[in-house]
Amino acid sequence: MKYVIGVDLGTSAVKILLMNQDGEVCQEVSKSYPLIQEKSGYSEQDPEQWVEKTIDGLNELVKNFNGNVQDIEGLSFSGQMHGLVLLDQEHNVLRNAILWNDTRTTEQCRKIEDLVGKERLLAITKNPALEGFTLPKILWVKDHEAAIFEKAAVFLLPKDYLRFRLTGLLHSEYSDAAGTLLLDVAEKKWSEEICERLGINTSLCPPLVASHEQTGTIISEVAEKTGLSTNVKVFAGGADNACGAIGSGILSDGKTLCSIGTSGVVLSYEQKSDLDFGGKVHYFNHGEENAYYTMGVTLAAGYSLSWFKDVFASEVDFEELLSCIDEVPIGANGLLFTPYIAGERTPHADSVIRGSFIGMDASHERRDFVRAVLEGITFSLNESIEIFRENGKQIDTVISIGGGAKNKTWLQMQADIFNVNIMKLVSEQGPGMGAAMLAAFGCAWFSSLKECADKFVQVSESFTPKVENVEAYKKLFNLYKDVYKSTKALNEGLIEFRK
Ligand SMILES: Nc1ncnc2c1ncn2[C@@H]1O[C@H](COP(=O)(O)OP(=O)(O)O)[C@@H](O)[C@H]1O
Ligand SMILES: O=C(CO)[C@@H](O)[C@H](O)COP(=O)(O)O
């Protein structure tokens, strides 16, 4: 029996899956690392932590593996998108990585719009200038840390940096490059026009490959530390949402995914590169060759829940925190939550907005707040579903993955709020699974990713919408949508008091 490894470099943790040729998860290891948040709107991580935790995780996995280590044939990656890692000429990291949920770059977004033009930007990159994307972060460093920028020789995305440390080779791949705002998405090449207009040397952009392409093997130093063989083939991998889609079998038109990790996304497969959503949803290259996907993003989905737990219930785990939400009726006894604790992307590209609890009452208990947080996150994701439906997509079944898919009440809530059938997979680790599938396909175990998905992706349970719940949530959703408009100006007034 042969094996492959999928490494998912998430925002909260690196999650590593060992899969066999029958598509069974043989081992799972997770190692967490913190966010560094110096100021409101800032979000960074130390790339060295990603490397250390991944090596620790691989070492643990190999130690617990009772087969022949030489049978581990391939390894690939899934990674949190958009994060900026800047390297100097000697490939040393120049500063902490600035992450996807860092929103300090509003001014740089306006600069991009001015110098490239909104229409032209959309034509080339298929996306508008949003704070979370990589290009505004590059410009922020150029504007605010000129001494660092002068030393920058190349930029990498998070999992591309991790791959570099495991193989010694510099690459990016299309699915993650699409989230930089520097890629010509249809032509699959770095946009010289955008680089030129913004004064960025194209040598800063790493060589591009496809997600399933081999990008070297494990270097001996890493083999020694992990116990893996230096023969392990390393494949490029993909953006976590592209990999989540592969790992959930979102490989043909009409298929939709909901992923609740630190962020939350609703994602739909697209065969074509020329559909027009007017920039309302993200439009990126898939990890499958010559395919695409559209996606709406809630910046703080699982993060809203983990924030609530850290601040108000740090003594309990997620299971215990969520154990009593069934006892709270729909609407959390009159409490509504908006998950804008890090600003928002879809449908409100707004870095200033912040979250609210509306309707707090002296009778509310912690469990009401927990239910309200879950409902608020799910309402936010429903705004993306609503955009897709308004653009003519028929959504009746959604595959749900990520940490949020661990809880059955939350899965039923998704079915009721989205008014769709929700499918839960045997493993909720979609991105790690997608990474492992890219390695399996790269190793030629299968003739296509679709053939691999037929073997690897298995539904374990489904949740159907309950008519009375759907009706109750419709009323609440309308109230939820009003909270953004009602709190926008209040949040603008609060800016001067923020950290
Ligand atoms: N048992 C659970 N039930 C519901 N949600 C959970 C549970 N465990 C974790 N989560 C949520 O999942 C999130 C982490 O999901 P994950 O997919 O691992 O994120 P990432 O890929 O961003 O690191 C946490 O922030 C938390 O909100
Ligand atoms: O910014 C986006 C997508 O555009 C995020 O989805 C990141 O890719 C982080 O993902 P998770 O850590 O939440 O999986």
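Calculation rules
Residues numbered from 1 in each chain as written. Chains lettered and ligands numbered in written order. Predicted model: local features only at pLDDT ≥ 70, side-chain atom pairs only at ≥ 80, totals over all residues. Heavy atoms only, no water. UniProt positions renumbered as here; feature names shortened; annotations may be inferred. Contact = heavy atoms within 4.5 Å. Near = heavy atom within 4 Å. Polar contact = N/O pair within 3.5 Å; in protein donor to acceptor, adjacent residues only side chain to side chain. Areas by Shrake-Rupley, 256 points an atom, 1.4 Å probe, with all protein chains shown as cover. Helix = DSSP H or I, 4+ residues; strand = E, 2+ residues; numbered from the N terminus. Phe/Tyr/Trp six-rings, centres within 6.5 Å; stacked < 30°, edge-to-face > 60°. Buried < 20%, exposed > 50% of the residue type's maximum accessible area, 1.4 Å probe, protein only. Nonpolar A, V, L, I, M, F, W, Y, C, P; charged D, E, K, R; others polar. 1 Å grid on protein atoms, 1.4 Å probe; cavity = no way out; pocket = protein on both sides within 12 Å on 5 of 7 lines; lining within 4 Å. Points joined across faces, edges and corners; volume = space filled by probe spheres on them.

A few points about the UniProt feature "site: Important for activity" (unreviewed entry) in the chain
Thought 1: The sites that carry the UniProt feature "site: Important for activity" (unreviewed entry) are, in the present numbering, Asp-8.
Thought 2: Excluding residues that lie within four positions of it along the chain, Asp-8 makes contacts with Ala-13, Val-14, Lys-15, Ser-78, Gly-79, Asp-240, Pro-431 and Gly-432.

Description of the site of ligand 2
Thought 1: Neighbouring residues of ligand 2: 15 residues in total, closest Thr-11, His-82, Asp-240, Ser-263 and Arg-345.
Thought 2: Separating an oxygen atom of ligand 2 from a side-chain N or O atom of His-82 is a distance of 2.6 Å.
Thought 3: Separating an oxygen atom of ligand 2 from a side-chain N or O atom of Asp-240 is a distance of 2.7 Å.
Thought 4: When isolated, ligand 2 has an accessible area of 380 Å², and the protein chains bury 95% of it.
Thought 5: When residues of the shell around ligand 2 are traced back to their parent elements, those giving at least two are helix H10 (240-246) and strand E19 (292-298).

Some points on the packing of aromatic side chains
Thought 1: Summed over all chains, the structure comprises 22 aromatic pairs.
Thought 2: Aromatic side chains Phe-308 and Phe-357 sit 6.5 Å apart centroid to centroid with 70 degrees between the ring planes, which places their arrangement in the edge-to-face category. Of this pair, Phe-308 sits in helix H11 (residues 302-312) while Phe-357 sits in strand E21 (residues 356-358); the two residues are 49 residues apart in sequence, bridging distant segments of the chain. Assigned by exposure class, Phe-308 and Phe-357 land together as buried.
Thought 3: Summarising the aromatic geometry, the rings of Phe-379 and Tyr-473 are spaced 6.0 Å apart at their centres and angled 75 degrees between planes, so their arrangement reads as edge-to-face. Taken together, the residues Phe-379 in helix H13 (residues 366-390) and Tyr-473 in helix H17 (residues 467-494) connect sequence positions 94 residues apart.

Re the site of ligand 1
Thought 1: Around ligand 1 sit 19 residues in total, of which Ser-12, Lys-15, Thr-262, Gly-302 and Gly-403 are the nearest.
Thought 2: Thr-262 places a polar side-chain atom, nitrogen or oxygen, 2.5 Å from an oxygen atom of ligand 1.
Thought 3: Contact with the protein chains hides 87% of the accessible area of ligand 1, taken as 580 Å² for the molecule alone.
Thought 4: Sorting the residues of the shell around ligand 1 by element identifies strand E2 (13-20), H11 and helix H12 (318-321) as the ones contributing at least two each.
Thought 5: Ranked by residues supplied to the shell around ligand 1, first place goes to H11 with three residues.
Thought 6: Tallied by class, the residues present in the shell around ligand 1 amount to five nonpolar, 11 polar and three charged.

What to know about the UniProt feature "binding site: substrate" (unreviewed entry) in the chain
Thought 1: Following the UniProt record, one finds the feature "binding site: substrate" (unreviewed entry) at Met-81 and His-82.
Thought 2: Not counting residues within four places of it along the chain, the set of residues in contact with Met-81 comprises Trp-100, Ser-175, Asp-176, Ala-239, Asp-240, Asn-241, Phe-284, Tyr-293 and Met-295.
Thought 3: Mapped onto the elements of the fold, His-82 is located in the loop between strand E5 (72-79) and strand E6 (85-87).
Thought 4: Every residue in contact with His-82, bar those within four places of it in the chain, is listed here: Ile-98, Trp-100, Gly-132, Phe-133, Thr-134, Lys-137, Leu-157, Asp-176, Gly-179, Phe-284 and Arg-345.

So, empty space enclosed by the protein
Thought 1: One pass over the structure, following the stated rule, counts two cavities of 30 Å³ or more.
Thought 2: For the largest cavity, the calculated volume is near 80 Å³.
Thought 3: In terms of residue class, the lining of the largest cavity is built from four nonpolar, seven polar and three charged.
Thought 4: The computed volume of the second largest cavity comes to approximately 60 Å³.
Thought 5: Lining the second largest cavity, in full, are Thr-103, Leu-130, Glu-131, Gly-132, Leu-299, Glu-344, Arg-345, Ala-349, Asp-350 and Ser-351.
Thought 6: Per-class residue counts for the lining of the second largest cavity are three nonpolar, three polar and four charged.

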